[in-house]
Amino acid sequence: MVNTFSTVPTQVKRSKVEDLKEKSNYLREPVLSELGLDTNHFSEDATQILKFHGSYQQDNRDNRVKGQEKDYQFMLRTRSPGGFIPAELYLTLDRLADTFGNGTLRVTTRQGFQIHGILKRNLKAAIANIVRSMGSTLGACGDLNRNVMAPPAPYRNRAEYQYAQDYANRIADLLTPQSGAYYEIWLDGEKVISGEEHPEVKAARQRNDYQTNLPDPKEPIYGEQYMPRKFKIAVTVPGDNSVDIYTQDISLIVITNAVGELEGFNVLAGGGLGRTHNKEETFARAADPIGYVAKDDVYDLVKAIVATQRDYGDRTQRRHARMKYLLNDWGVEKFRQRVEKYFGKPLAPFKSLPEFKYKDFLGWHEQGDGKLFYGISIENGRVKDEGSFQLKTALKTLVQKFSLPMLLTPHQNLILYDISPELRGEIESVLSRSGVQPVEAIDPLVRYAMACPAMPTCGLAITESERAIPAILDRIRALLDRMGLEQDCFVVRMTGCPNGCARPYMAELGFVGMTPESYQIWLGGSPSQTRLAEAYMDKMPIADLERHLEPLFAYYKTARTQNGKPESFGDFCHRVGFAALREYVATYVPTGGKSNSEKHRVRYRVNLRPNVFENLKQAAQNEGRTLAEIASDAIEAYLQKS
Ligand code: SRM
Ligand code: SF4
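Predicted model, so just to flag it, every value in this text is computed and none were measured.

Enquirer: So what's going on with the overall build of the chain? Residues and values would help.
Expert: In terms of helices and strands, the chain carries 19 helices and 23 strands. The dimensions of the chain, computed from C-alpha atoms along their principal axes, are 80 × 65 × 65 Å. The buried share of the chain, reckoned over its 642 residues, is 57%. In the chain, the proportion of contacts linking residues at least 24 apart, taken out of those at least 6 apart, comes to 68%. With an accessible surface of roughly 26800 Å², the chain has 50% of that area assigned to carbon and sulfur atoms. Charged side chains of the chain number 83 positive and 80 negative; the gap between the two group centres comes to 3 Å.

Enquirer: Got a sec to walk through the packing of helix α6 (residues 159–174) against helix α9 (residues 298–312)? Specific residues and values, please.
Expert: Across the interface, α6 lies against α9 with an axial gap of 11 Å and an inter-helix angle of 50°. The orientation of α6 relative to α9 falls into the category oblique. Remark: the crossing between α6 and α9 carries right-handed chirality. Two secondary-structure elements touch here, α6 through Y167, R170, I171 and L174 and α9 through V298, Y299, V302 and K303. Considered class by class, the residues forming the contact of α6 with α9 number 6 nonpolar, no polar and 2 charged.

Enquirer: Describe the site of ligand 1, with residues and values.
Expert: If you check the shell around ligand 1, you find 28 residues, and the closest are T108, L273, T457, C501 and R503. For ligand 1, an oxygen atom lies 2.9 Å from a polar atom in the side chain of Q58. Residue K230 places a side-chain N or O atom 2.8 Å away from an oxygen atom belonging to ligand 1. Across the shell around ligand 1, the residue classes tally to 9 nonpolar, 11 polar and 8 charged.

Enquirer: Before we move on, can you summarise a nonpolar patch on the surface with the specific residues and values?
Expert: A cluster of nonpolar side chains, namely V606, L608 and F613, defines an oily patch on the protein surface of about 260 Å² accessible area. Note that F613 resides in helix α18 (residues 610–623). Assessed through its relative accessible area of 31%, F613 is described here as partly exposed.

Enquirer: A description of the coordination of the iron atom of ligand 1 should follow, citing residues and the corresponding values.
Expert: On the protein, C501 (SG) is the one donor atom to the iron atom of ligand 1, at 2.3 Å. Within the fold, C501 resides in the loop between β18 (492–495) and β19 (509–515).

Enquirer: Quick one: what's the story with the nonpolar core, residue by residue and with numbers?
Expert: Ranked by internal contacts, the top residues of the largest apolar core, which has 116 residues, are F113, V302, I305, I376, L416 and I427. Looking at which element gives the most residues to this core, the answer is α9, with 8 residues. Apart from the residues within four sequence positions on either side, I427 is in contact with W364, Y374, L398, F402, L404 and I419. In terms of nonpolar packing, the next biggest core, distinct from the first, is built from 38 residues, F511, L523, Y536 and Y588 among them.

Enquirer: Describe the site of ligand 2, and please don't skip the residues or the numbers.
Expert: For ligand 2, the full set of nearby residues is C452, P453, A454, C458, L460, A461, T495, G496, C497, N499, G500 and C501. Residues belonging to the shell around ligand 2 are distributed by class as follows: 8 nonpolar, 4 polar and no charged.

Enquirer: Tell me about the sheet that holds β18, and name the residues and values.
Expert: If you walk across this open sheet you meet the 5 strands as β17-β18-β19-β20-β21, and the pairing is mixed. Where the open sheet ends on each side, the last strands, each with one partner, are β17 (450–451) and β21 (534–541). Inspection of the sheet shows β17 paired to β18 by 2 bridges, in the parallel sense. Across the sheet, A451 pairs through a bridge with M494, a residue of β18. Its contacts with the sheet place helix α17 (residues 569–587) against β20 (518–523) and β21, and it is angled at close to 60° to β21.

Enquirer: Run through the pairing of β20, naming residues and quoting values.
Expert: Of all 6 residues in β20, 6 are buried; the element is thus mostly enclosed. The alternating pattern of β20 places S518, Q520 and W522 and Y519, I521 and L523 on opposite faces, both of which are buried. By the bridge criterion, 6 bridges tie β19 to β20 in an arrangement that is antiparallel. Each residue of the ladder has a partner; that of G510, found in β20, is W522. Relative to β21, β20 runs antiparallel, the two sharing 5 bridges. Bridge pairing links S518 to P541 in β21.

Enquirer: Hey, could you go over the pairing of strand β9 (residues 288–294) for me, with residue numbers and the actual values?
Expert: Within β9, 5 of the 7 residues are buried, leaving the element largely enclosed by the surrounding structure. Pairing of strand β8 (residues 262–269) with β9 involves 6 bridges; the strand directions are antiparallel. Each bridged residue has a counterpart across the sheet, and for L268 the counterpart in β9 is P289.

Enquirer: Break down α9 for me, with residues and values.
Expert: Spanning 15 residues, α9 covers 21 Å between terminal C-alpha atoms, matching the ideal 21 Å at 1.5 Å per step. Within α9, 14 of the 15 residues are buried, which leaves it mostly tucked inside the rest of the structure.

Enquirer: Before we move on, could you go through the pattern of salt bridges and cite the residues and values that matter?
Expert: For the structure on display, the rule yields 45 salt bridges. Two residues, E18 and K21, come together in a salt bridge whose shortest N-O distance is 2.9 Å. Taken together, the positions of E18 and K21, both in helix α1 (residues 16–23) and 3 residues apart, correspond to about one turn of that helix. K21 matches E18 in its accessibility class, with the two residues each being buried. Here D571 ties to R531 by a salt bridge, and the two come within 2.8 Å at their closest N and O atoms. Of the two residues, D571 sits in helix α17 while R531 sits in the loop between β20 and β21, which places them 40 residues apart along the sequence. Using a relative accessible area of 27% as the deciding quantity, one classes D571 as partly exposed. Residues participating in the shared-partner salt-bridge network are E18, K21, D143, R315 and R318.

Enquirer: I'd like a description of the side chain of T247, backed by residues and values.
Expert: Among the structural elements, T247 can be located in the loop between β6 (233–236) and β7 (250–256). In terms of polar contacts, T247 uses its side chain to reach the backbone carbonyl oxygen of D244, at 2.8 Å. When sequence neighbours within four positions are dropped, the list of residues in contact with T247 reads G271, G272, L273, R503 and M506.

Enquirer: I'd like a rundown of the packing of aromatic side chains, residues and numbers included.
Expert: Using the criterion set out here, one finds 26 aromatic pairs in the structure. Ring geometry for Y167 versus Y299: centroids 6.1 Å apart, planes at 25°, classification stacked. Placement of the pair is Y167 in helix α6 and Y299 in helix α9, with a sequence separation of 132 residues. The class for Y299 is buried, based on a relative accessible area of 2%. Pairing F511 with Y519 gives two aromatic rings, centres 6.0 Å apart and planes at 90°, and the pair type is edge-to-face. Assigned by exposure class, F511 and Y519 land together as buried. These aromatic residues form a ring-pair network of at least three members: F490, F553, Y555, Y556, F569, F572, Y584 and Y588.

Quick notes on the rules
- Residues numbered from 1 in each chain as written.
- Chains lettered and ligands numbered in written order.
- Predicted model: local features only at pLDDT ≥ 70, side-chain atom pairs only at ≥ 80, totals over all residues.
- Heavy atoms only, no water.
- Helix = DSSP H or I, 4+ residues; strand = E, 2+ residues; numbered from the N terminus.
- Buried < 20%, exposed > 50% of the residue type's maximum accessible area, 1.4 Å probe, protein only.
- Contact = heavy atoms within 4.5 Å.
- Areas by Shrake-Rupley, 256 points an atom, 1.4 Å probe, with all protein chains shown as cover.
- Lys, Arg positive; Asp, Glu negative; His and termini not counted.
- Charge placed at Lys NZ, Arg CZ, Asp CG, Glu CD.
- Axes fitted to C-alpha atoms, helices over the stretch in contact; angles between N-to-C directions.
- Parallel < 35°, antiparallel > 145°, perpendicular 65-115°, else oblique.
- Left-handed = near helix turned anticlockwise from the far one by under 90°.
- Nonpolar A, V, L, I, M, F, W, Y, C, P; charged D, E, K, R; others polar.
- Near = heavy atom within 4 Å.
- Polar contact = N/O pair within 3.5 Å; in protein donor to acceptor, adjacent residues only side chain to side chain.
- Patch = residues over 30% accessible without salt bridge, like charges linked within 9 Å, V, L, I, M, F, W, Y side chains within 5 Å.
- Salt bridge = Lys/Arg side-chain N within 4 Å of Asp/Glu carboxyl O.
- Donors = N, O, S within 2.8 Å, 3.2 Å for Na, K, Ca; no water.
- Core = buried A, V, L, I, M, F, W, Y, C linked by side-chain atoms within 4.5 Å.
- Pairing = 2+ DSSP bridges.
- Expected span 1.5 Å × (residues − 1).
- Phe/Tyr/Trp six-rings, centres within 6.5 Å; stacked < 30°, edge-to-face > 60°.

Here it is, written out as structure tokens:
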């Protein structure tokens, strides 16, 4: 078989990033040369290569002044398979956030930590410190395999969870860049080993029976052009969807035998969320089941899928370069056949599984070996000290005093583990003195919500997200309370642009930044993130949130099913469908609560002829707008003409 990515027809131009990767001498240049320059930022070309080292060049968007140079700073992201952060690494990150960063740490939606606000001159020291503390940022960003996720549950008596963690680690190692550029640039060539690679991983990397490797001794799996785009993998256990399995390029589900021994993995492929507004050819896609693989073959299968995307993924248009588009364009059958060529044999059928549920492992749990773990809810993952809320200091105190390791969760939370039961009281009192609430005291609406960082650090943000969501959740809670839905909660996720970093397209209620101060609204995801939501409304001014959500909640309240427990909001929206939602909204008469903009608005009455009213109602249903909006627009247009 021929490796075909070099056979992209020459008349089709490869994207610019492809040239930069090829010229980079395996991720060295121009980062290495520019790092030594006395400048506060890298060139555009260097920033593309810098990503592979785990850093993004950003600027503080709050400080932008027209005509003046940007306030350049860098974000660093850790590579922490399964979210594992040893105590020593945590203390280093905590210190680096203060000395070089903006004083906060942020748990990401893929179980990493980010530090924001690092200046160029401090980047090398920051990365070197992380590596010397058993951490890494290599491959946390860039066109390669990203942080591998696994459920953050340190159960010692549930082997399947241990397998998921182990294999997340091993697959991360298998797909780590081999070129050595990282150590040369940031540690002057000193190779710090933070953990021995499993011998199976080493052997699997070399194995090349079906041309999963390229003829490239420096980067046998990636070659000098690495992947066409970012690539994401998660490993989980049956029934546990803490890792959002349908959103990954590859998801592996541990399959054990009757006595709990590992037998193999179910495999899903082709998930991904990033999209661009008003470009229908870009879309969020849920992964498909593609088969089952025995445990001894799992590395070869992962390599086979990686090789398929490496060789056939689109290197001409970055918007079409994720593996989900390959699956979509080819169909699952053709994709599976290509993978099987690199794998050397057919894939076994996908095994049946129990239903997946969302788990967050917050609060106290028995580990199964006499020790405990404790999951702390962190609003949007931001570890900070602010007024009487001293989470950052509290975590540092606990980790310093008890040397506790931690696992970061895919929902921006954090789990301390290996805790002796007698420490429980002290841990609770340190956290409570620091203003950190136990999970039972947190509104579930907040507990299950996520928002991406957006402003002021993310260069792609159109709207606020992390900074806006607390007030928005307060307003949703107030609205639910006013409508007699005090006990209700659902999964709310928000992003400042359509890239989908907080996975809003899997939420029951998703907000996606559309234009400043307005969001696209997504509805119909499931409480356990097993189904994609759909765009319900394109541009909801955030000031009008109550006006738009109240009718939906009213309909939900009256028409949801009650099979043992009330149907969830996402399931309800999915079941009744958008046509029914729109019909209800169009004729809904508000109960009196007012949105921010409505509070100052006078309402007028106009009588319509019955046939006009019927037509207006129909138009409102079709367009997903209210009667008042359409009537006002039409009358305004008429008055302007006359
Ligand atoms: Fe993301 C780009 C933050 C998870 C899809 N993401 C970015 C950048 C680096 C902006 C940029 O390119 O300049 C953001 C940095 C913001 C900042 O100031 O820190 C950013 N993404 C994040 C994090 C920190 C959000 C969070 O709230 O935690 C997450 C880091 C995870 C990690 O540790 O690796 C993060 N990003 C995701 C996810 C969710 C996931 O992986 O489970 C997605 C959707 C899943 C997917 O990939 O399909 C995601 N981020 C994107 C995309 C769109 C990719 C695409 O296929 O189109 C971009 C833009 C891009 O790649 O061009 C992006
Ligand atoms: Fe930035 Fe958009 Fe990702 Fe939010 S979703 S962090 S705004 S890229």
